[in-house]
Amino acid sequence: MKIKEILSILEEMAPLSYAEDFDNVGLLVGDRETEASGVLVCHDALESVIEEAIEKKCNLVVCFHPILFSGIKKITGKNYVERSVLKAIKNDIAIYAVHTALDNHQNGVNKIFCDALGLQNTKTLIPKPNFIQKLVTYTIPENAEKLRNALFDAGAGKIGNYEDCSFNSKGIGTYMGNENSNPEIGARFEFVEAEEIKIEVTFEKYLQSKILKALFSNHVYEEVAYEIYDLQNTHQNIGLGMIGELDKPINEKDFLQFVKEKMECGGIRHSEFTGKMVKKVAVLGGSGAFAIKNAIQAGADVFLTADMKYHNFYEAENRILLADIGHFESERFTKNYIVDYLTKKIPNFAVNLSQINTNPVKYL
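Rules used in this analysis
- Residues numbered from 1 in each chain as written.
- Predicted model: local features only at pLDDT ≥ 70, side-chain atom pairs only at ≥ 80, totals over all residues.
- Heavy atoms only, no water.
- Core = buried A, V, L, I, M, F, W, Y, C linked by side-chain atoms within 4.5 Å.
- Buried < 20%, exposed > 50% of the residue type's maximum accessible area, 1.4 Å probe, protein only.
- Helix = DSSP H or I, 4+ residues; strand = E, 2+ residues; numbered from the N terminus.
- Contact = heavy atoms within 4.5 Å.
- Pairing = 2+ DSSP bridges.
- Axes fitted to C-alpha atoms, helices over the stretch in contact; angles between N-to-C directions.
- Patch = residues over 30% accessible without salt bridge, like charges linked within 9 Å, V, L, I, M, F, W, Y side chains within 5 Å.
- Areas by Shrake-Rupley, 256 points an atom, 1.4 Å probe, with all protein chains shown as cover.
- Salt bridge = Lys/Arg side-chain N within 4 Å of Asp/Glu carboxyl O.
- Right-handed = clockwise from strand over helix to strand, strands pointing away.
- Polar contact = N/O pair within 3.5 Å; in protein donor to acceptor, adjacent residues only side chain to side chain.

(A) Inspection of the nonpolar core at higher detail. The biggest cluster of nonpolar side chains holds 28 residues, and the ones touching the most others in it are Ile6, Leu10, Leu60, Ile338 and Leu342. Of all the secondary-structure elements, those providing two or more residues to this core are α1 (3-13), β2 (39-44), β3 (60-65), β4 (94-97), α4 (99-103) and α11 (334-345). Sorting elements by how many residues they give to this core places α1 first, with six residues. Non-local contacts of Ile338, meaning those with residues more than four positions away in its chain, are made with Leu10, Met13, Val41, Val62, Val98 and Leu102.

(B) Main features of the sheet that holds strand β6 (residues 132-139). Across the sheet, four strands lie side by side as β7-β8-β6-β9; this open sheet has antiparallel pairing. Since the sheet does not close on itself, it has two edges, and those belong to β7 (167-175) and β9 (226-230), each with one partner. Averaged over all adjacent pairs, the angle separating strand axes in this sheet is 25°, with direction ignored. Alignment of β7 against strand β8 (residues 192-204), held across nine bridges, turns out to be antiparallel. Note that in β8 the partner of Ile172 across the bridge is Glu195. Along the sheet, helix α6 (residues 141-153) contacts β6, β7 and β8; its crossing angle with β8, the most-contacted strand, is approximately 10°. Sitting on the sheet, helix α7 (residues 208-218) touches β6, β8 and β9, and the angle it makes with β9 is about 160°.

(C) Structural detail: a nonpolar patch on the surface. Among the surface-exposed residues, Ile72, Ile75 and Ile89 lie close enough to one another that they form a single nonpolar patch of about 240 Å² accessible area. Assignment of secondary structure puts Ile72 in the loop between β3 and α3 (80-90).

(D) Highlighting the pairing of β2. When you tally the buried positions in β2, you get six out of six residues, the bulk of the element. Pairing geometry for β2 and β3, over five bridges, is parallel. What sits directly across from Val41, in β3, is Val62. Between β2 and its parallel partner β3, the chain crosses via helix α2 (residues 47-55), and the hand of that crossover is right-handed.

(E) Broad picture of the sheet that holds strand β15 (residues 351-353). Pairing is mixed across the open sheet formed by five strands, whose spatial order is β1-β4-β3-β2-β15. With partners counted over all chains shown, the strands left at the sheet margins are β1 (26-29) and β15, one partner each. Strand-to-strand twist in this sheet, taken as the mean axis angle between neighbours without regard to direction, amounts to 30°. Direction of pairing for β3 relative to β4: parallel, over a ladder of four bridges. Paired with Leu60 across the strands is Ala94, a residue of β4.

(F) View of the pairing of strand β12 (residues 277-287). Bridging between strand β10 (residues 235-251) and β12 involves six bridges; their strand directions are antiparallel. Bridging from a neighbouring strand, Met242 pairs with Val283 of β12. Where β12 lies against strand β13 (residues 302-306), four bridges are found, and the strand directions are parallel. Paired with Ser287 across the strands is Ala306, a residue of β13. As for the winding sense of the linkage, the β-α-β connection from β12 through helix α9 (residues 292-297) to β13 is right-handed.

(G) Representation of the environment of Tyr96 within the structure. Locating Tyr96 in the fold gives a position in strand β4. Judged by its relative accessible area of 0%, Tyr96 is buried. Every residue in contact with Tyr96, bar those within four places of it in the chain, is listed here: Leu7, Leu10, Glu11, Leu16, Gly26, Leu27, Leu60, Val61, Val62 and Cys63.

(H) Local environment of the pattern of salt bridges. In this structure the tally under the stated criterion is twelve salt bridges. Close ionic contact of Lys111 with Asp115 constitutes a salt bridge, the shortest N to O distance being 2.8 Å. Here the residue Lys111 and the residue Asp115 both occupy positions in helix α5 (residues 109-117), the gap between them amounting to four residues, near one helical turn. Asp115 gets classed as partly exposed once you look at its relative accessible area, which sits at 46%. In this structure, Glu200 engages Lys134 in a salt bridge whose closest nitrogen and oxygen atoms are separated by 2.9 Å. Here Lys134 lies in strand β6 and Glu200 lies in strand β8, a separation of 66 residues in the sequence. Judged by relative accessible area, Glu200 falls into the buried class, the value being 13%. For Lys134, a relative accessible area of 24% puts it in the partly exposed group. Three or more residues are tied together by salt bridges with common partners; here these are Lys2, Lys4 and Glu33.

(I) Geometry of the side chain of Asn104. Structurally, Asn104 is set in the loop between α4 and α5. Within the structure, Asn104 has its side chain in polar contact with the backbone oxygen of Tyr18 (distance 2.6 Å). In terms of polar contacts, Asn104 uses its side chain to reach the side chain of Glu20, at 2.9 Å. In this structure Asn104 touches Tyr18, Ala19, Glu20, Lys128, Asn237, Ile238, Gly239 and Leu240, once residues within four positions along its chain are discounted.

Written out as structure tokens, the structure reads:
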């Protein structure tokens, strides 16, 4: 198995198109054509993790955080990033990062967070905008079903909890072919009026090339008429953060103690208690202070995230309980999820969970 085959599986788990524009996801170091010897899954691809990969004979390290985030001009080993990359290159080890591609997935980081706390009725906190496109095309009635099904198979027509969604309307199409044409109906230089079906389907933007391939491969016309539009609709199943509900209300202090135990937190910084019972919980793994307003607007009783600054806690204003549980802690179970996913997809291949705790924050 080549590394590129494993990367294809990872991109099914967390499509790179789901990632935020500022992020640096995908293959960061290495050659995708290399034969894979084993996979090591970690939170951060530090030098110690690369050494662990060497020891376990794994030439692909899959990390959550990208070790290369912003641009670097030299790799001389002067800091932890350069040392890690240098060691990986010297030992022919590839590094692949998922980060916000998995953050934004409906079964990704924040769903894992919610599941760890037993939250129910979960939904995306900040749905991703500018991610849905619409295809409009026209064909003869005899071709409509085949074409529609091909588009569905390519991933079109999924809306929330529904699939195979389309809108179809009848109309009259006209055309006249020139001397180089080979019309399906009629002849060259003949003006044709034919009954046609207009098919409209939506799809996730990253699927566009696959959708067009299905369109051209299954359409009967020599020249396929089609239009693609960018839609303003948000994608309700893709985006940052998640909100859900506890089975039973609990007081704020007991809830934070529950979170501390479940997420194995060294400590929790929080705003003033509001005195309300906790039922509705918003979460955002990693640095999530930017989403405080979204959590309040969604009616959350508490918002769990990390990396909140001093003044962020003032934003609670007795409307919500804000809790910083730690960056690593909020994403703690992500690497286990990746290992489980890969193990199910390639059960007879060596997929290892890193045993190194890369959390740089320590507690007394």
